[in-house]
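# Residue-level structure breakdown
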Amino acid sequence: MAEPFVVQIERGTGTGTRFTLGATATIGRQQGLEITVQDTQASRQHARLEVREERVLLTDLGAANGTFVNNERISGQVSLLPGDTIQVGETILRLLGATAPQAKTVVATPPPVALPSPVASPVAVTAPDMPWMGQGVPPPTIPAPPANRMPLFIGLGIGAFLLLCVCVATVLALVAR
């Protein structure tokens, strides 16, 4: 049987901490997850790792700041290789091939089932910062501006002017009779 995969925090709070992956592990800042990161730029449930047939799949869970693999933003599910980096918020994790003895190893276990609270607590909505600044991660792409519509506006303006001229000429012709 193959050695289990390990994820290690490379940058951020808890640098050096290792998590041995089970079948699935959710990464986020919510307490009780298999991999909890102390990072305000990470979503509560940011991304999910799944171990399937000797490979690891990473799924972005719709995080506002996105999930990056090797400095490239992902969407949907991607397959990871040992050595790949995963960025959630400002925290960077690295997928390692197998467990290696170290003092900070933490086993990723499923979180306990929490009952929903009877009263919903308010959610603070804040504008996301720009986690890509100064980190070598490219910013999100900005769509190109629409094509130049100046000829359309000039044509509409000339057409409106000609219609106005015809109307004025018609009124003057009727008044002159």
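Everything numeric here is computed off the predicted structure, so don't read it as measured data. (Residues numbered from 1 in each chain as written. Predicted model: local features only at pLDDT ≥ 70, side-chain atom pairs only at ≥ 80, totals over all residues. Heavy atoms only, no water.)

### Topic: the side chain of Thr17
In plain terms, the rule: Where helices and strands are cited, they refer to DSSP runs of H or I of at least four residues and of E of at least two residues respectively, numbered from the N terminus. Only protein chains enter the area calculation, which uses a 1.4 Å probe; residues under 20% of their type maximum are buried, those over 50% are exposed, and those in between are partly exposed. In protein, a polar contact requires one atom able to donate a hydrogen and another able to accept it; more generally it is a pair of N or O atoms within 3.5 Å, and residues adjacent in sequence count only if both atoms are side-chain atoms.
Along the polypeptide, Thr17 turns up in the loop between strand E1 (6-11) and strand E2 (18-20). Judged by its relative accessible area of 14%, Thr17 falls in the buried class. At 2.7 Å, the side chain of Thr17 and the backbone oxygen of Gly14 are in polar contact.

### Some thoughts on a nonpolar patch on the surface
Note the cut-off: Patch members must show over 30% relative accessible area and no salt bridge, and they are joined within 9 Å when carrying like charges or within 5 Å when they are nonpolar side chains of Val, Leu, Ile, Met, Phe, Trp or Tyr. Using a 1.4 Å probe, accessible areas were evaluated by the Shrake-Rupley method; residue-level cover was limited to the displayed protein chains. By salt bridge we mean one thing: a side-chain nitrogen of Lys or Arg within 4 Å of a carboxyl oxygen of Asp or Glu.
A grouping of Ile154, Ile158, Phe161 and Leu162 is seen on the molecular surface, where their side chains present a nonpolar patch of about 410 Å² in accessible area. Topologically, Ile154 is positioned in helix H1 (residues 150-176). Residue Ile154 is classed as partly exposed on the basis of its relative accessible area, which comes to 46%.

### A look at the confidence of the model for the protein chain
Using the following cut-off: Note on scores: pLDDT gives the predictor's confidence for each residue, bounded by 0 and 100. It only takes one pair of heavy atoms within 4.5 Å for two residues to be counted as in contact.
Averaged over all residues, the pLDDT of the protein chain equals 80, while 68% of them reach at least 70. No element of the protein chain has a lower mean pLDDT than strand E12 (residues 105-107), at 47, and none a higher one than strand E10 (residues 85-88), at 96. Note on residues 99-107: pLDDT under 50 across the span, and 20 contacts to partners over four residues away in sequence or across chains.

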